[in-house]
Structures are given as C-alpha cells and as structure tokens.
Amino acid sequence: MADLGFNEHHQNEAINYMRFARSKRALRLKTIDSCFQDLKDSRLIEETYTVDEVSDMLDGLQVLVRGEVEMELINTAHTNVLLLRQLFSQAEKFYLRLQTDISELENRELLEQVAEFEKTDFKSNSKVNQESNKPKLVPLNEGGVSELLQKEISRLQAENDKLKSRLRTLESQAMSALDDKSKAERALKDLQKNQGDHQIWIVKCTVLHAPCNVYTQQCDGKCSAMHTQEIANLEDTVAVLQADFEKTLSANDASQKDLQDNLVSAKHELLRIQEQLSLAEKVLERKFQQTAAYRNMKEILTKKNDQIKDLRKRLQSES
C-alpha cells in the first residue's frame, strides 16, 4: 500500500482531491475526443482531399484542442489556489503560518510516489466506503479556536506557576547567601579583633618581662625566643584564617551575584509569561463573544433587562 506520509484523515482528504481531479480530467478528455469526432463527422465526407484542405482541417482542430487544454490548465491552477486558500484560512484561524516549497512540485521521485498511490489506494473500495461514512468536522469558528486558546492559556498558567516557584527558590537562595556573607564579615571582624588582642597581650608580656633583660641574660634569651615563636605562630594562624575567610567571602559574593542575575532573569520571564497569558485570555474572550451561544445569551439577557425595566415602570406608575 502506497503511503504519502499523511495520517489517515489527511490521506482521505488527498484521495478526495484526486477523485475530483480525475473526474475533471476525464470530462476534459471527453471534450477533446468530441472535437476529433466532430471533425470526422463534419469534414471527412469525401474520399480525397487536397493539401490545403487537410492543412485547414488540422489548423481548426489545433485551435479547438489548444483552447480546451489551455482552459483545463487554467482551471486546474485556479482550483489549486482555492485549495490552498482553504488550508491557509484554517491555519490563520489557529495563528499558524504555512510555508511551501515550489521546487518539490517537480520532484520526480515524489511524483512517481503519488502516481503509485493513485493506482493502489485511490481505487480501493475500502477507502471509498470509509470516506462515505466520514463524520462531519466541527466548525472552526465555534469550538476549534477556543479549545486551542484554552490549551494555550493552561500551558501559560503552568509555566507561570513554575516561574513563580523558581522565583521563590531564587529569593530564598539569595537571602541565604546574604546571611552567609554577613556571618563571614562578622567572623572576619572578630578574627581581626582577636589578632589585635593577641598583639596587645604580646606587648604586655614583653613589658612584664623587661626586668629579665636587665638582671638576667639567660632569662632574657628564653623570654625573647618564647615571644618570637608565639608571635610567629599567631601570625601564621591569623594569615591562614584570614585567607580562608576572604576566599569564602569572595565565593559568597560571586554566588550572590549569580543569584541576583538569575532572580532578575526569572522576574523578566515571569512578566513576559503573564503578558502572554493576559493576551491569550483577551483573545479567548473575544473569540467567545463571536460565538452564537454568546450572542444568543446576550440577546436573552437584554430582553430580560428590558422586561425588568418595564415591570419597574409599571409598578412605579401603579403606586
């Protein structure tokens, strides 16, 4: 079974069009045959003809056949334009833009595939029976567009919820990063304060051991070595801690910047989705107002309002 790459519904539509084209082609061929038959019946009544008479008959037949073929080609082109008009109109109602590739119309491989399709699937009785029992399509101006818009609104609402959740997550991460940055700054200040306290303690210790430098040279050597070692150890510890805190602080700053950028991007995306959602809801409302059900309901409500006004006027006049 030949296959043009369509689904079942579109393949049936192609069969419909090919059946229409075949009937028009058969009708035009019958017309051309009648041209030849008319020539035989009206002109070929003698046994011999001159060259001029044969040439005149052939010229007349050429004019008739050329006119019939040209008319058929023009009619086929116009018919194809009308078919494209139907497809484009349906696509525009769903806000789609179709594109065509003219070069594919002369693709010999595809043309042979269509010819094979016409020889097999087109002539099968099952296709004809299936086509005769095909259900009617729902009018596009009633339910199709509204259903599509409703699906689009649902999709935009789901995307809007996802963006809101992402925005809350980014805000939470940003607040956590700010807290970590504040803690790191406080820890660095405490470390710097402890370093200053250690330096003051070393100075006091040096002052307290000053008599050793005056009275005992051995005590002076021991105190000086002990103080130098303690100072070196404290300076190394403070340097390491300070480097670690600066590295942590730098990482927190970079993380906070990334979070802020993501937060701004998420807010912009959220605004864009909300704008699309609002536009889709407006389009859906406008489409609904164009439906027959809405017009009928509006007409009924208008009549009811008029009746209520009349009853109020009557009550006021009676009272």
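Up top is the structure these notes are about.
Procedures and definitions
- Residues numbered from 1 in each chain as written.
- Predicted model: local features only at pLDDT ≥ 70, side-chain atom pairs only at ≥ 80, totals over all residues.
- Heavy atoms only, no water.
- Helix = DSSP H or I, 4+ residues; strand = E, 2+ residues; numbered from the N terminus.
- Contact = heavy atoms within 4.5 Å.
- Areas by Shrake-Rupley, 256 points an atom, 1.4 Å probe, with all protein chains shown as cover.
- Salt bridge = Lys/Arg side-chain N within 4 Å of Asp/Glu carboxyl O.
- Buried < 20%, exposed > 50% of the residue type's maximum accessible area, 1.4 Å probe, protein only.
- Polar contact = N/O pair within 3.5 Å; in protein donor to acceptor, adjacent residues only side chain to side chain.
- 1 Å grid on protein atoms, 1.4 Å probe; cavity = no way out; pocket = protein on both sides within 12 Å on 5 of 7 lines; lining within 4 Å.
- Points joined across faces, edges and corners; volume = space filled by probe spheres on them.
- Nonpolar A, V, L, I, M, F, W, Y, C, P; charged D, E, K, R; others polar.

Caption draft 1: Just the overall build of the protein, in detail. Per the secondary structure count, the protein includes eight helices and zero strands. When the helices and strands of the protein are listed from N to C terminus, the series reads α-α-α-α-α-α-α-α. When contacts within the protein are restricted to residue pairs at least 6 apart in sequence, long-range pairs at least 24 apart make up 82% of them. As displayed, the protein has an accessible area near 24,600 Å², and 55% of this comes from carbon and sulfur atoms.

Caption draft 2: A look at the pattern of salt bridges. Considering all chains together, one arrives at seven salt bridges under this definition. Residue Asp56 pairs with Arg43 through a salt bridge whose shortest N-O separation is 3.2 Å. Of this pair, Asp56 sits in helix H2 (residues 51-93) while Arg43 sits in the loop between helix H1 (8-42) and H2; the two residues are 13 residues apart in sequence, bridging distant segments of the chain. Arg43 gets classed as partly exposed once you look at its relative accessible area, which sits at 34%. A salt bridge links Glu70 to Arg66; its shortest N-O distance comes to 3.6 Å. Residue Glu70 and its partner Arg66 are both found in helix H2; the two are separated by four residues, about one turn of the helix. What makes Glu70 partly exposed here is its relative accessible area of 39%. In this structure, a network of salt bridges that share partners links the residues Arg28, Glu68 and Glu72.

Caption draft 3: Quick peek at the side chain of Asn160. Structurally, Asn160 is set in helix H5 (residues 140-208). Apart from residues no more than four positions distant in its own chain, Asn160 is found in contact with Leu270, Ile273, Gln274 and Leu277.

Caption draft 4: Seen up close, the side chain of Thr79. Residue position: Thr79 is located in helix H2. Of the polar contacts made by the side chain of Thr79, one reaches the backbone oxygen of Asn75; its length is 2.6 Å. Dropping the residues within four chain positions of it, Thr79 is found in contact with Tyr17 and Phe20.

Caption draft 5: Focus on the layout of surface pockets. The volume enclosed by the second largest pocket comes to roughly 370 Å³. At 10 residues, the largest contribution of residues to the lining of the second largest pocket is made by H1. Partitioned by chemical class, the residues of the lining of the second largest pocket number eight nonpolar, four polar and six charged.

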